[in-house]
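Below are the chains, spelled out letter by letter.
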Amino acid sequence: MMSLLKKIFGDGNKRQLKQISKITDHIESLEPDFEKLTDEQLREKTAEYKERFINGESLDKLLPEAYATVREGAKRVLGMRPFPVQIMGAIALHEGNIAEMKTGEGKTLASTMPAYLNALSGEGVHVVTVNEYLAERDSKEMGKLFEFLGLTVGLNANELTSEAKAEAYNCDITYTTNNELGFDYLRDNMVLYKEQMVQRPLNFAIIDEVDSILIDEARTPLIISGTAQKSAELYQRANAFVKLLRKEDDYTYDVKTKSVQLTEEGINKAERYFHIENLFDLEHVSLTHHINQALKAHVAMLRDADYVVQDGEVVIVDQFTGRLMAGRRYSDGLHQAIEAKEGLQIQNESMTLASITFQNYFRMYKKLAGMTGTAKTEEEEFRNIYNMDVISIPTNREIARNDRADLIYKSMPGKFQAVVEEIKERNEKGQPVLVGTVAVETSELISDMLKRAGVKHDVLNAKNHYREAEIIEKAGERGSVTIATNMAGRGTDIKLGEGVKELGGLCVIGTERHESRRIDNQLRGRSGRQGDPGESLFYLSMEDELMRRFGSDNLKTMMEKLGMDDTQPIESKMVSRAVESAQKRVEGNNFDARKTILSYDDVLREQREIIYKQRFEVIEADENLREIVEGMIRSAISRQVSAHTTDEDMDNWELDTIVEYAENNLLEQGDLTVDELKGKEPEEITDLLMDKVKVRYDEKEEEMTPEQMREFEKVIVLRSVDSKWMDHIDQMDQLRQGIHLRAYGQNDPLREYQLEGYQMFDQMVAEIEEEVATYIMKAQVAESENIEREEVAKNTQAVAGGGTNEEEKKKKPIVHGERVGRNDPCPCGSGKKYKNCHGNG
């Protein structure tokens, strides 16, 4: 079927490559002309191109000359001449696509050409990497080239002040990490003054390791959080109870879905243990939740695989890269449950104040491009979600690596023993070996076995990532053995030492297959760079997680029947194909999950964009906000009038309630009587109230200076919007967590989430309008009082839900504002007790 489609429509990649090749040939033909230019003349080209762009020439038209300029600059400044294939990759990037370029093909140099070209517009280019080490390295090395050509280069790092960040973003080209971009966007939409914002409108981003950022990390949001005060005692009690439970008798564990459930006996035990009649009474919802999270912590979350304990803290291990993600915490109480399990101090749960996923953040750019060694397997997802094609760029030299068929053993011990023997054999002849593991504990197990076998080696995992550059530098040397988790597969280039080519190059050994083919391909790609010889092979066992999840039982039984022991592997392309098909199924499931999450997140995205846009208009407004505020007051009045004038008989209208509302929230006592409202239509009542509000508004304006009044309006509107929006995010999160249960009632959970989400948003808008109306009309401001905008949440903490460089995130304490007692005077200035005024909602 696929070949038939290709015949009808043609192979898209080949067609695109053909077009790109034509442009590349043109750029190549310009080389003699540019070689004749002096350094000064080459530099002047930048100003010339900028002028031509301002005069209407498109970037596409400028591309051949601009790329030829960068190539000539690279030769002179960096001593590197981009190969034609790198120019091809650079063209694919400018067109807003993904350039799939194999390891060692020079993606960093290729990115300089589209970065330079798109920077000519003056709107800024972001070059995005997975960690700050790479961002800093590339900004220094490639920055020399850009500065030679007359462009400014900035590095946006975590520890910078707002002023330094704004300066970095205002450069022509900014190197940064994906996490820092997202956090800066969220922080920009929490600032109180326009001058505190650091980002410019999002123009063009080139994402390095694009599959890692837009696929692997797409599902987990970036979060700005504050803490919610919760008792640690319940976590400890739930933990103590769960420790008494027995598998199968009291709970069941599904290895495929990683879900843990109490059995009937387990439920009875819980009721006896906590002295309650029914665990599923509404009053015990919190207890049930704590028990479930404690169960998950004990059964599904494994120490040294999912997390490590370091300096008295639980630190998450990224499942894709093997890196430690310091500063990141599991949500929904799971982190506290693990802390209880490990006997550590239990920290407060966090409350989300602002959040965004990478999927939605990067889709806000005018144009997006990416590069990686492995993206073709996820082409459908890139096209559907990000509107980017994957263009496979040919290698400069043909790949000479020998990718051998998988070796499958009956058990894990047999597999690891075979791996150690293979390493020892290759090490004795001096061939360098890179051993890839999925988990930290596996790397440590192999390390212990190699020590006993007397093989000198280095271990690169989340516990000693600070030596990453040093270890990788030596990984291709003669006689070196390096054990690495998946983190070594990103942004690293292993060069072969002297005499290693003759020994067969670098040998890559995988100790199990990852659920994503891309991760396996990244590991293979460490070997055989730039036409070097190399070899890759994977050792599997029937007890590996991927094999267990997808039906290895039959194969294991067959091996036992054939009398095969742990020393005899099956080497079969058929089994390798079965493994690959299992991986495809997992990838398909993950894609569906990301699509579903995006559908849910789109509801919040639309709401976020409305709130952030309006918030920015308030901050930016130089003139007064009276018109906006009066609009809010009219909406609030209109809702009250509609609610109390529903009866067809006007005599039954609750006019006294409308008067009471107006006096309590908008006007002074005696400003409005029931007689004034009698005989009027609802619209006329609203108009009458608004006329009186305007008179009172004028009086308030006279009580303050114009500057005070303008600032007072901004303070009230910003505080209301921020506090209500933060509560709304929290409520949406809670709605989302329970919405799947609607499926039991034959309702579509997504549709229900959309409907209820929009209703909640309308309710939030109404609450903002009510609060602004009351505070503007009722709050008293002393003449000497200095009106200042206040953050609703101070000293917030940035928590990356799916980043790979979380060791760079600094923890910040959370400070809550003072709480008003129920019998204290209401802070709105009405003179009433808080419980009778704003404390009654």
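Keep in mind that what you see is a predicted model, and the values were worked out from it rather than measured.

A. Examining the overall build of the protein more closely. Helix and strand content of the protein: 30 helices and 23 strands. Residues classed as buried in the protein amount to 54% of the 841 residues present. For the protein, contacts bridging at least 24 residues in sequence account for 74% of all contacts bridging at least 6. As displayed, the protein offers around 38,200 Å² of accessible surface, 47% of which is attributable to carbon and sulfur atoms.

B. Fine view of the nonpolar core. By size, the foremost hydrophobic cluster in this structure holds 94 residues, and its most contacted members are Leu 214, Phe 362, Leu 368, Phe 382, Ile 633, Leu 666 and Leu 677. Non-local contacts of Leu 214, meaning those with residues more than four positions away in its chain, are made with Ile 207, Phe 358, Phe 362, Leu 368, Phe 382, Tyr 386 and Met 388. Counting 50 residues, the second-largest nonpolar core is a separate cluster that includes Leu 30, Ala 110, Leu 117 and Ile 173.

C. Main features of the packing of helix H26 (residues 655-665) against helix H30 (residues 749-778). Where H26 meets H30, the closest approach of the two axes is 8 Å, and the angle between their N-to-C directions is 60°. Put simply, H26 runs oblique to H30. On H30, the residues touching Tyr 661, Glu 663, Asn 664 and Asn 665 of H26 are Glu 770, Ala 773, Thr 774, Met 777 and Lys 778. Counted by class, the contact of H26 with H30 contains 3 nonpolar, 3 polar and 3 charged residues.

D. A look at the sheet that holds strand E4 (residues 173-177). Strand order in the open sheet formed by 7 strands is E3-E4-E2-E5-E13-E1-E14, with parallel pairing between adjacent strands. Every other strand in the sheet has two partners, leaving strand E3 (153-155) and strand E14 (390-392) as the edge strands with one partner each. Each strand of the sheet is rotated relative to its neighbour by a mean of 20°, with strand direction disregarded. Inspection of the sheet shows strand E2 (residues 125-129) paired to E4 by 5 bridges, in the parallel sense. Paired with Val 127 across the strands is Tyr 175, a residue of E4.

E. Here's a closer look at the environment of Lys 296. Topologically, Lys 296 is positioned in helix H14 (residues 285-299). Each C-alpha atom, one on Lys 296 and one on Tyr 253, is 9.3 Å from the other, the two residues being 43 residues apart in sequence.

F. Structural view of the sheet that holds strand E11 (residues 324-325). A sheet is described by the order of its strands in space; here 3 strands give the open sequence E9-E10-E11, paired in antiparallel fashion. Single-partner strands in this sheet number two, and they are strand E9 (307-310) and E11. As paired strands, E9 and strand E10 (residues 313-317) are joined by 4 bridges and run antiparallel to one another. Following the sheet pairing, Gln 310 is matched in E10 by Glu 313. Lying over the sheet, helix H15 (residues 334-341) contacts E9 and E10, oriented at roughly 125° with respect to E10.

G. View of the packing of helix H12 (residues 233-242) against helix H13 (residues 264-273). One can describe the packing of H12 onto H13 by two numbers: an axis separation of 11 Å at closest approach and a directional angle of 130°. Classed by the angle they form, the pair H12 and H13 counts as oblique. Along this stretch, H12 crosses H13, giving a crossing that reads as right-handed. Along the contact surface, H12 presents Arg 237, Ala 240 and Phe 241, while H13 presents Gly 266, Lys 269, Ala 270 and Tyr 273. Class assignment for the residues of the contact of H12 with H13 results in 4 nonpolar, 1 polar and 2 charged.

H. Structural view of the pattern of salt bridges. By the definition in use, this model includes 61 salt bridges. Residue Glu 342 is joined to Arg 303 by a salt bridge in which the shortest nitrogen-to-oxygen separation is 2.8 Å. Here Arg 303 lies in the loop between H14 and E9 and Glu 342 lies in the loop between H15 and strand E12 (349-356), a separation of 39 residues in the sequence. In this structure, Arg 383 and Asp 389 form a salt bridge, with 2.9 Å as the shortest nitrogen-oxygen distance.

I. Structural view of the packing of aromatic side chains. Scanning the entire structure with this criterion turns up 13 aromatic pairs. Between Tyr 361 and Phe 362 the ring centres are 5.2 Å apart and the planes differ by 80°, which places this aromatic pair in the edge-to-face class. According to the relative accessible area criterion, Phe 362 is buried, its value standing at 1%. Ring plane angle 15° and centroid distance 6.1 Å describe the contact between Tyr 409 and Tyr 539, whose orientation is recorded as stacked. Separated by 130 residues along the polypeptide, Tyr 409 in strand E16 (residues 407-409) and Tyr 539 in strand E21 (residues 533-541) bring together distant segments of the chain. Pair check on accessibility: Tyr 409 and Tyr 539 agree, each one buried. These aromatic residues form a ring-pair network of at least three members: Tyr 185, Phe 358, Tyr 361, Phe 362, Tyr 365, Tyr 612 and Trp 725.

J. Geometry of the environment of His 26. By secondary structure assignment, the location of His 26 is in helix H2 (residues 12-29). According to the relative accessible area criterion, His 26 is partly exposed, its value standing at 40%. Taking the C-alpha atoms as reference, His 26 lies 9.3 Å from Glu 65; in sequence the two are 39 residues apart.

K. Local environment of a negative patch on the surface. Together, Asp 647, Glu 648, Asp 649, Asp 651, Glu 654, Asp 656 and Glu 660 make up a region of like negative charge exposed at the surface. The partly exposed category is assigned to Asp 647, whose relative accessible area is 34%.

L. Structural view of unusual backbone geometry. In the Ramachandran plot, His 275 falls in the positive-phi region, its phi being about 55° despite a non-glycine side chain. Structurally, His 275 is set in the loop between H13 and H14. Phi at Asn 387 is positive, roughly 60°, even though this residue is not glycine. For Asn 387, a relative accessible area of 65% puts it in the exposed group.

M. Focus on the side chain of Asp 544. Assignment of secondary structure puts Asp 544 in the loop between E21 and helix H22 (545-549). Since its relative accessible area comes to 2%, Asp 544 is described here as buried. One polar contact links Asp 544 to Lys 415, side chain to side chain, over a distance of 2.8 Å. Within polar-contact distance, the side chain of Asp 544 engages the backbone nitrogen of Ser 541 at 3.0 Å. Other than its neighbours up to four places away in sequence, Asp 544 contacts Met 412, Lys 415, Thr 511, Glu 512 and Tyr 539.

N. Geometry of the side chain of Asp 138. Looking at where Asp 138 falls in the secondary structure, it is placed in helix H8 (residues 132-148). Since its relative accessible area comes to 3%, Asp 138 is described here as buried. Setting aside its immediate chain neighbours within four residues, Asp 138 contacts Thr 108, Thr 129, Gly 143 and Tyr 175.

O. Quick look at helix H19 (residues 440-452). Compared with the 18 Å implied by 1.5 Å per residue over 13 residues, the 19 Å span of H19 between its first and last C-alpha is a close match. Buried residues of H19: Val 440, Thr 442, Ser 443, Ile 446, Ser 447, Met 449 and Leu 450, and no others. Where H19 ends, the next residue or the one after it, Gly 454, has phi of about 75°, a positive value.

P. Layout of the confidence of the model for the protein. This prediction gives the protein a mean pLDDT of 82; 83% of its residues lie at or above 70. Segment residues 1-10 is flagged for pLDDT under 50; beyond a separation of four residues in sequence, or across chains, it makes 4 contacts in the model. In this model, residues 827-831 is a region of pLDDT below 50 whose contacts with residues beyond four sequence positions or in other chains number 12 contacts.

Thresholds, definitions, all that
Residues numbered from 1 in each chain as written. Predicted model: local features only at pLDDT ≥ 70, side-chain atom pairs only at ≥ 80, totals over all residues. Heavy atoms only, no water. Helix = DSSP H or I, 4+ residues; strand = E, 2+ residues; numbered from the N terminus. Buried < 20%, exposed > 50% of the residue type's maximum accessible area, 1.4 Å probe, protein only. Contact = heavy atoms within 4.5 Å. Areas by Shrake-Rupley, 256 points an atom, 1.4 Å probe, with all protein chains shown as cover. Core = buried A, V, L, I, M, F, W, Y, C linked by side-chain atoms within 4.5 Å. Axes fitted to C-alpha atoms, helices over the stretch in contact; angles between N-to-C directions. Parallel < 35°, antiparallel > 145°, perpendicular 65-115°, else oblique. Nonpolar A, V, L, I, M, F, W, Y, C, P; charged D, E, K, R; others polar. Pairing = 2+ DSSP bridges. Left-handed = near helix turned anticlockwise from the far one by under 90°. Salt bridge = Lys/Arg side-chain N within 4 Å of Asp/Glu carboxyl O. Phe/Tyr/Trp six-rings, centres within 6.5 Å; stacked < 30°, edge-to-face > 60°. Patch = residues over 30% accessible without salt bridge, like charges linked within 9 Å, V, L, I, M, F, W, Y side chains within 5 Å. Lys, Arg positive; Asp, Glu negative; His and termini not counted. Charge placed at Lys NZ, Arg CZ, Asp CG, Glu CD. Polar contact = N/O pair within 3.5 Å; in protein donor to acceptor, adjacent residues only side chain to side chain. Expected span 1.5 Å × (residues − 1). pLDDT = per-residue confidence, 0-100.

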